[in-house]
Every structure is written in structure tokens, then in C-alpha cells.
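Examining the three-dimensional arrangement
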Amino acid sequence: MKTSNPVLARLGQAAERERATGYAQPGPYGQPGYPQQYPQQQYPSGYGQPVAPPAVTPMTLDDVVVKTVLMLAILGASAAAAWVLVPDALVGVAWIGAAVVGLVLGLIISFSRMANPALVVAYSIVEGVFVGMVSKAFDSLYDGIVLQAVAASFGVFFLMAMIYKARIIRATPKFARIMVAIIAGLFGVMLVNLVLSLFGVNTHLRDGSPLAIGFSLVCIVVASLSFVLNFAQIEEGVRMGLPQRYAWTAAFGIVVGLVWLYIEILRLLSYFQGDD
């Protein structure tokens, strides 16, 4: 089954190749297909009988939910451990290190043509350290801000889930292309801003100014809308019959959006807490 979704198309092609290398097309009445060649097992009668391998288990919505909850649990545990174990003097180093490693892992997972559960779990651990260090730094300046940001992030997530279920916003191919372009553009802007900040250049995108508030609001809106794209990809992936392990890739997309949303809400709330 082909898809017009530009993001899901790559995974669909990879999954199709995976099925083609080990399995024939499904037989009549929907029974799973089998490879052209399979081993023979000898029986006492002397006649060889084909031994069919197990069919590929397709991904379901429950698989994605379970993997997402597991990723969030790993991320939360990693964040809590980093918060407790990393000394205050090393928060900045751990923050930057985890951000760089998480970015690399995230790019590898995003552009990989195969679902890799080990990489996704590793990303959850590293991103947990990043979230824990960011949260610890903000909480030391503004008491209670972390709980507010967590509550707001999950509130927005569930709101977008209801909006998507009600089909108030539809993930059309045009919507998907626009979202991918906007997210890539925002990522580029944030990367340039980070590099300039290392050289002492203030672009006023992260200093609490009206421009910074506006930029954070734009990021929050885009991060929220990215969930619509995630939900559509999951739905279409289930219809396409992607193998079960691709649920890890779908869960990865949701967790990336949640972390981004949480960080932006945390920043926005800090702008209204007064100077440190």
C-alpha cells in the first residue's frame, strides 16, 4: 500500500523491502505469505515437508502506545537519576554533552531506513539526562516551574490527540510537507542561534524579550501540530502493515515532540517568572 505522506513513505519502502526479502506476497483469504525457498524437514516416511517460518507480526496502535509509555518511563528514570547524581557544578557540561549525543542519535534514527529498538532506547536514556539537567537548572531559578511545564506539555498532547480524533485538523499531504519544512527551518534557526551565542552574539531569541516570547510561542504551536503528523503516520503505518518493531520508530516521533514541547513551555514560563 502506497502512501502520499512524505515522512512515512521512507519507512514504508524499507518495510516493503524487508517483507520482500523474506516473505512472499500474502496468499488468498489474507493468510501470510511464505518465502520462495524454505528448509526441508525429513520425516520417517522419507518425504520432505516444507517448514514455514513465522509470519511477520504487523504493528498495531497498542504496540505504539506500549512503546511510547516505555520510552517515557526510561526517559523519566534517566532524568531523575541525572538530577540526583550529577553535581551542580557539572550540570552545564552534562546538559551540553547529552544534547549533542541526543542530537546525533536522533538524526541517525530519523534518517535510518530500519527501525532499531536499541538506538531508540539509547536515545531515551540520553535525552533523559538532557531533560533532567535542563529541568534542574530551571528549577533552581524558578521553584515549581518544572511541574507546571510537565502538566502543560501532557495537557497539550492530549488536547491534540482529541483534536486529531475529531478530525478538526487533518494531516493532508500538503500539511505534512509544510510541517516538515517549518520544523526544518526552526531547527536551522535554533542551531544558528546556538552557534552565535557561543561567540557572544545575542539574537534576542532566548533572552525573555518580546521576540523571544514570540519565538517560543511559534515553537510551541509547531511542536503541538507535529503530533497531528505523528498520529497520521501511526494510523497509516498500521494500515500499511508495517512490521511490529516499527512501533519503536513511531513512539520515537511522539517522544521527540513531547521533549521539544516541554523545553519550549519551560522557557516560556521562565520569561514570566521575573529576573533571576
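Structure: see above.
Residues numbered from 1 in each chain as written. Predicted model: local features only at pLDDT ≥ 70, side-chain atom pairs only at ≥ 80, totals over all residues. Heavy atoms only, no water.

What follows covers the overall build of the protein chain. Secondary structure summary: the protein chain contains 8 helices and 2 strands in total. Starting at the N terminus, the α and β elements of the protein chain follow one another as α-β-β-α-α-α-α-α-α-α. Buried residues in the protein chain amount to 37% of all 276 residues. Contacts in the protein chain between residues at least 24 apart in sequence constitute 79% of all its contacts with a sequence separation of at least 6. When the accessible surface of the protein chain is split by element, carbon and sulfur atoms take 69% of a total near 15100 Å². (Helix = DSSP H or I, 4+ residues; strand = E, 2+ residues; numbered from the N terminus. Buried < 20%, exposed > 50% of the residue type's maximum accessible area, 1.4 Å probe, protein only. Contact = heavy atoms within 4.5 Å. Areas by Shrake-Rupley, 256 points an atom, 1.4 Å probe, with all protein chains shown as cover.)

One way to put it is that helix α6 (residues 173–198) packs onto helix α7 (residues 210–240) with a least axis distance of 10 Å and a crossing angle of 140°. As judged from the angle between their axes, α6 and α7 are oblique. The two elements α6 and α7 meet at a crossing, and its hand is left-handed. Two secondary-structure elements touch here, α6 through F175, A176, M179, V180, I182, I183, L186, V189 and M190 and α7 through F215, V218, C219, V222, L225, S226, V228 and L229. The residue makeup of the contact of α6 with α7, split by class, is 16 nonpolar, 1 polar and no charged. (Axes fitted to C-alpha atoms, helices over the stretch in contact; angles between N-to-C directions. Parallel < 35°, antiparallel > 145°, perpendicular 65-115°, else oblique. Left-handed = near helix turned anticlockwise from the far one by under 90°. Nonpolar A, V, L, I, M, F, W, Y, C, P; charged D, E, K, R; others polar.)

Taken as a whole, the second largest pocket spans an internal volume of roughly 460 Å³. Looking at the second largest pocket, it is lined by 18 residues, and the ones nearest its centre are L61, V65, F157, A161 and F231. Among the elements of the structure, α2 (61–85), α5 (145–165), α7 and α8 (247–271) are those that each provide at least two residues to the lining of the second largest pocket. Here the residues of the lining of the second largest pocket are counted per class, giving 14 nonpolar, 1 polar and 3 charged. (1 Å grid on protein atoms, 1.4 Å probe; cavity = no way out; pocket = protein on both sides within 12 Å on 5 of 7 lines; lining within 4 Å. Points joined across faces, edges and corners; volume = space filled by probe spheres on them.)

All right, on to the packing of aromatic side chains then. Tallied over the entire structure, the rule returns 6 aromatic pairs. Aromatic side chains Y123 and F252 sit 5.0 Å apart centroid to centroid with 75° between the ring planes, which places their arrangement in the edge-to-face category. With Y123 in helix α4 (residues 117–141) and F252 in helix α8, the pair connects residues that are 129 residues apart, well separated along the chain. By relative accessible area, Y123 is classed as buried at 4%. Centroid distance F157 to F231: 5.8 Å. Interplanar angle 65°. Geometry classified as edge-to-face. Taken as a pair, F157 in helix α5 and F231 in helix α7 lie far apart in primary sequence, 74 residues in all. Look at F157 and you get buried, because its relative accessible area is 13%. Judged by relative accessible area, F231 falls into the buried class, the value being 13%. (Phe/Tyr/Trp six-rings, centres within 6.5 Å; stacked < 30°, edge-to-face > 60°.)

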